[in-house]
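Here are the chains, one letter per residue:
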Amino acid sequence: GLPIYFEIIEGNIIEKSITERIIKNMEEYDCHIDYILTDAGCITPKMMNRLSSSGIDYMTRLSENYELHKKTVEENIHKIVRHEGVRNMVVQIHLE
């Protein structure tokens, strides 16, 4: 389907309440959320747990300070591939 809601947010901000606000906005419209794409500045480990327990998939950049980041890298180091000249890495891991 097509997205029915999106919000463009100014970059380089840390605003942990954005994801919560968007979820509340969607609930007001009685819309089911399948997937959230957000930046690390807009999500907390607590929110990640809430999304997971609600069955909402999400994709985010994890802050290196989060325990989840450290644990995920440790457990999946063999799956991480770095490419010459690429500063950042993208790793997609399905946590069940």
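Attention in this report is confined to the structure presented alongside it.

Looking now at the packing of helix H1 (residues 17-28) against helix H2 (residues 45-53). Interhelical geometry of H1 versus H2 gives an angle of 30 degrees and a closest axis separation of 11 Å. Taken together, the axes of H1 and H2 are roughly parallel relative to one another. Contacts between H1 and H2 involve Thr19, Glu20, Ile23 and Glu27 on the former and, on the latter, Met47, Arg50 and Leu51. Grouping the constituent residues of the contact of H1 with H2 by class yields three nonpolar, one polar and three charged.

Let's shift gears to the pattern of salt bridges. Following the criterion strictly, the structure yields two salt bridges and no others. Among the ionic pairs, glutamate 20 bridges to arginine 50, the shortest N-O distance being 2.8 Å. On the criterion of sequence distance, the pair formed by glutamate 20 in helix H1 and arginine 50 in helix H2 is long-range, its members being 30 residues apart. Under the relative-accessibility criterion, glutamate 20 is labelled partly exposed at 23%. Here arginine 50 and glutamate 27 are joined by a salt bridge, their closest N and O atoms 3.5 Å apart. One end of the pair, arginine 50, is in helix H2; the other, glutamate 27, is in helix H1, and 23 residues separate them in sequence. One continuous salt-bridge network, built from bridges that share partners, spans Glu20, Glu27 and Arg50.

On to the nonpolar core. In terms of nonpolar packing, the biggest core is built from ten residues, these being Ile23, Met26, Ile33, Ile36, Ile43, Met47, Met48, Leu51, Ile56 and Tyr66. Among the secondary structure elements, those contributing two or more residues to this core are H1 and H2. The greatest single-element share of this core, amounting to three residues, is contributed by H2. Ignoring any residue separated from it by four or fewer positions in sequence, one finds methionine 26 in contact with Ile4, Tyr5, Cys31 and Ile33.

By the element assignment, threonine 60 lies in the loop between strand E2 (57-59) and helix H3 (67-76). Of note is the side chain of threonine 60, whose polar atom sits 3.1 Å from the backbone oxygen of threonine 38. Residues in contact with threonine 60, not counting those within four places in the same chain, are Thr38, Asp39, Ala40 and Ile43.

Parameters and conventions
- Residue positions are counted from 1 within each chain, in the order its sequence is given.
- Two thresholds apply to this predicted model, a pLDDT of at least 70 for residue-level local features and 80 or more for giving and counting side-chain atom pairs, whereas whole-chain, interface and lining totals are computed over all residues.
- Note: side-chain values were computed over all heavy atoms of the structure, leaving out hydrogens and water.
- Here, axes are lines fitted to C-alpha atoms. For helices the fit covers the stretch in contact, and angles between N-to-C directions go from 0 to 180 degrees.
- Helical segments are the DSSP runs of H or I of at least four residues, strand segments are the runs of E of at least two, and each set is numbered from the N terminus.
- Oblique is the label for any angle not under 35 degrees, not over 145, and not in the 65 to 115 range, which are roughly parallel, roughly antiparallel and roughly perpendicular in turn.
- Two residues form a contact once any of their heavy atoms are found within 4.5 Å.
- Each residue is assigned to one of three groups, with Ala, Val, Leu, Ile, Met, Phe, Trp, Tyr, Cys and Pro labelled nonpolar, Asp, Glu, Lys and Arg labelled charged, and all others, Gly among them, labelled polar.
- Think of a salt bridge as a Lys or Arg side-chain nitrogen and an Asp or Glu carboxyl oxygen that are within 4 Å of each other.
- Residue burial is assigned from relative accessible area. The probe radius is 1.4 Å, only protein chains are included, and a residue is buried under 20% of its type maximum, exposed over 50%, and partly exposed in between.
- For this analysis, a nonpolar core means a set of buried residues of the types Ala, Val, Leu, Ile, Met, Phe, Trp, Tyr and Cys, connected via side-chain atoms within 4.5 Å.
- Here a polar contact is recorded for every N or O atom pair within 3.5 Å, except that within protein the pair must consist of a potential hydrogen donor and a potential acceptor, and residues adjacent in sequence are included only if both atoms are side-chain atoms.

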